Amino acid sequence: MSTLELIRNYKTQYTPMEADSLVLPFYMKQSPHSGSLERNPICIIMHSEESPEVGILASTMSQYFLEKKNRRYIELYTEFLTKWEQQQNYFSVFPKAFVFEKIKEVIDSFLTLNPSYVTFELTSDCSVFFQSLVNGYNIYFELYFTTDLKDGVEAITNIYKDGRTIFAYGGSIDTVFSQIDSKVCQTSYEVESTQSFYGISETAFASTEF
Amino acid sequence: MAYPRRLLPQQNFNRIAWNESLRNCYLIHFTETTDLIDPATSKLRITLVVKQTDHLRDYSNNLLGVFLVDDIFWASQDCPRSEYFRAEWDGVSEIVPPDVPAEFTRNETRGYFFLRISQCHEDVVQFQDNTFVHPVCMLLHTPTNSNFWHFSLRWFFEGRDLESWTNGIKRRMKTSAKAFIVERAFFDEPFYEQLDPAIYSR
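The notes below deal with the structure included here. (Residues numbered from 1 in each chain as written. Chains lettered and ligands numbered in written order. Predicted model: local features only at pLDDT ≥ 70, side-chain atom pairs only at ≥ 80, totals over all residues. Heavy atoms only, no water.)

Focus: the overall build of chain B
Item 1. In terms of helices and strands, chain B carries three helices and ten strands.
Item 2. Listed by position from the N terminus, the elements making up chain B come as β-β-β-α-β-β-α-β-β-β-β-β-α.
Item 3. When its C-alpha atoms are laid out on the principal axes, chain B stretches across 55 × 40 × 35 Å.
Item 4. Split into buried and exposed, the 202 residues of chain B put 52% on the buried side.
Item 5. In chain B, the proportion of contacts linking residues at least 24 apart, taken out of those at least 6 apart, comes to 75%.
Item 6. Entry remark: accessible area of chain B is about 9,300 Å², with carbon and sulfur atoms responsible for 49%.
Item 7. Both charge centroids of chain B, one from 22 positive and one from 27 negative side chains, sit 4 Å from each other. (Helix = DSSP H or I, 4+ residues; strand = E, 2+ residues; numbered from the N terminus. Buried < 20%, exposed > 50% of the residue type's maximum accessible area, 1.4 Å probe, protein only. Contact = heavy atoms within 4.5 Å. Areas by Shrake-Rupley, 256 points an atom, 1.4 Å probe, with all protein chains shown as cover. Lys, Arg positive; Asp, Glu negative; His and termini not counted. Charge placed at Lys NZ, Arg CZ, Asp CG, Glu CD.)

Dropping the structure here:
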């Protein structure tokens, strides 16, 4: 069932939906309730005596994460372009297209970690300094543009947890994100999806009857 | 209001070598804005560190004690002696107090944050890539002609500070310094006491 079909099928006066709403279906045994968040995403709980239809659930969740990632990508890249307009002089040695491609790569890699927060600043060290929160880890990541390496860039990270450094590493963008992933993301999707499925349904619903 | 004489170096003062009692002390660092905290992280905004990237070799702070929180608002002015007041104290000279407001004035729009020395001095970041760089943060007393209580944080690797390194090692040290400051900064005024005068008097 597609998102649009879900919206069409389950739109009621109690669950007003817009065409671009995100939909997260919930399948719970012996529960006649459904509900919606005050804002997107809208969640639907459907009563079912059968086992959850995991296939539908998984594809909808996957679509949800993809849409969320795309939206955040656009936000962050737009923010980068705004800052670039003001501070591009730091990077005058490097072709604009090269800088942009690398920044896109870093933003995409960050979003793959499913962070709860990402911020960044351009620096006079010819670098972009990022800070991100993932699963309670504070990730500092700096992408340096440099002529002393054949790749033209070097990525460096420091990871803190509860005020202590737990990891520091430098290398290519791929290598560093692979290392970050291995340190902080073993459970990121699991935690996110658990919160989405149970946390929201327990606390954020204005419960309504179909 | 006159510039506080208690901030000036005195002829009977010594530079302060590292002393374990400093571990219980705090540093205060001024910023050009009072908008310091990133609400998403409850930590120092990274923009405040990034703007200081050229100053990370010798990251200026003041030792709280004789230096009070309120003293952070004293700002040097563009004047013939401004370089002199910013210069390092030679350890012996008596300093003629600066004139207010021609040479120093109060800038009440400043913000500030604190650092706990026990969390800074000798803190090591161990890189696990093939460089095995491990920058160490060190607290150094760097009194200026206008402020005996000026202290610096510097980052060293193999006994050399970050500016004396090049390329990858320097980059690792700089990133670590930036992350370090964001992580260690705090904003509620701590309880602080004056350092024992025996530590800095001859």
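From this point, the narrative continues.
Observations regarding the environment of Gln88(A)
Residue and element names in this part refer to chain A.
Item 1. Assignment of secondary structure puts glutamine 88 in the loop between α2 (54–87) and α3 (96–112).
Item 2. What makes glutamine 88 partly exposed here is its relative accessible area of 34%.
Item 3. A sequence separation of 64 residues divides glutamine 88 from glycine 152, and the C-alpha atoms of the two residues are 17 Å apart.

Observations regarding the nonpolar core
Item 1. Ranked by internal contacts, the top residues of the largest apolar core, which has 65 residues, are Leu63(B), Trp149(B), Leu153(B), Trp155(B) and Ile181(B).
Item 2. The biggest single contributor to this core is helix α3 (residues 167–184) of chain B, with six residues.
Item 3. With residues near it in sequence (within four places) discarded, Trp155(B) still touches Leu56(B), Tyr59(B), Pro135(B), Val136(B), Cys137(B), Arg160(B), Asp161(B), Leu162(B), Met173(B), Ala177(B), Phe180(B) and Ile181(B).
Item 4. Ranked by size, the runner-up nonpolar core spans 37 residues in total, among them Phe94(A), Phe110(A), Cys126(A) and Phe130(A). (Core = buried A, V, L, I, M, F, W, Y, C linked by side-chain atoms within 4.5 Å.)

As for the interface of chain B and chain A
Item 1. If you look at the interface, chain B gives 27 residues, while chain A gives 32 residues.
Item 2. In terms of surface lost to chain A, no three residues of chain B exceed Ile46(B), Arg171(B) and Thr175(B), which account for 26% of the buried area on that side.
Item 3. Our enumeration of links across chain B and chain A arrives at six salt bridges.
Item 4. For Lys178(B), the salt bridge identified is with Glu142(A), shortest N-O distance 2.5 Å.
Item 5. Summed over the shared surface of chain B and chain A, the result is 20 residue pairs in polar contact (both at pLDDT 80 or more). (Buried area = accessible area lost by both parts, 1.4 Å probe. Salt bridge = Lys/Arg side-chain N within 4 Å of Asp/Glu carboxyl O. Polar contact = N/O pair within 3.5 Å; in protein donor to acceptor, adjacent residues only side chain to side chain.)

Considerations on the layout of surface pockets
Item 1. Reported here for the largest pocket is a volume of approximately 1,000 Å³.
Item 2. As for the largest pocket, its lining consists of 37 residues, and the residues nearest its centre are Phe30(B), Ser60(B), Arg86(B), Arg110(B) and His150(B).
Item 3. Going through the elements one at a time, β1 (26–31), β4 (59–63), β5 (74–76) and α2 (82–86) of chain B are the ones with two or more residues in the lining of the largest pocket.
Item 4. For the lining of the largest pocket, a count of residues per class yields 13 nonpolar, 15 polar and nine charged.
Item 5. Roughly 210 Å³ of internal volume is contained in the second largest pocket.
Item 6. Forming the walls of the second largest pocket are Asp125(A), Tyr144(A), Phe145(A), Thr146(A), Asp148(A), Asn167(B), Lys170(B), Arg171(B) and Lys174(B).
Item 7. Broken down by element, the lining of the second largest pocket gets its largest block of residues, four residues, from α3(B).
Item 8. Across the lining of the second largest pocket, the residue classes tally to two nonpolar, two polar and five charged. (1 Å grid on protein atoms, 1.4 Å probe; cavity = no way out; pocket = protein on both sides within 12 Å on 5 of 7 lines; lining within 4 Å. Points joined across faces, edges and corners; volume = space filled by probe spheres on them. Nonpolar A, V, L, I, M, F, W, Y, C, P; charged D, E, K, R; others polar.)

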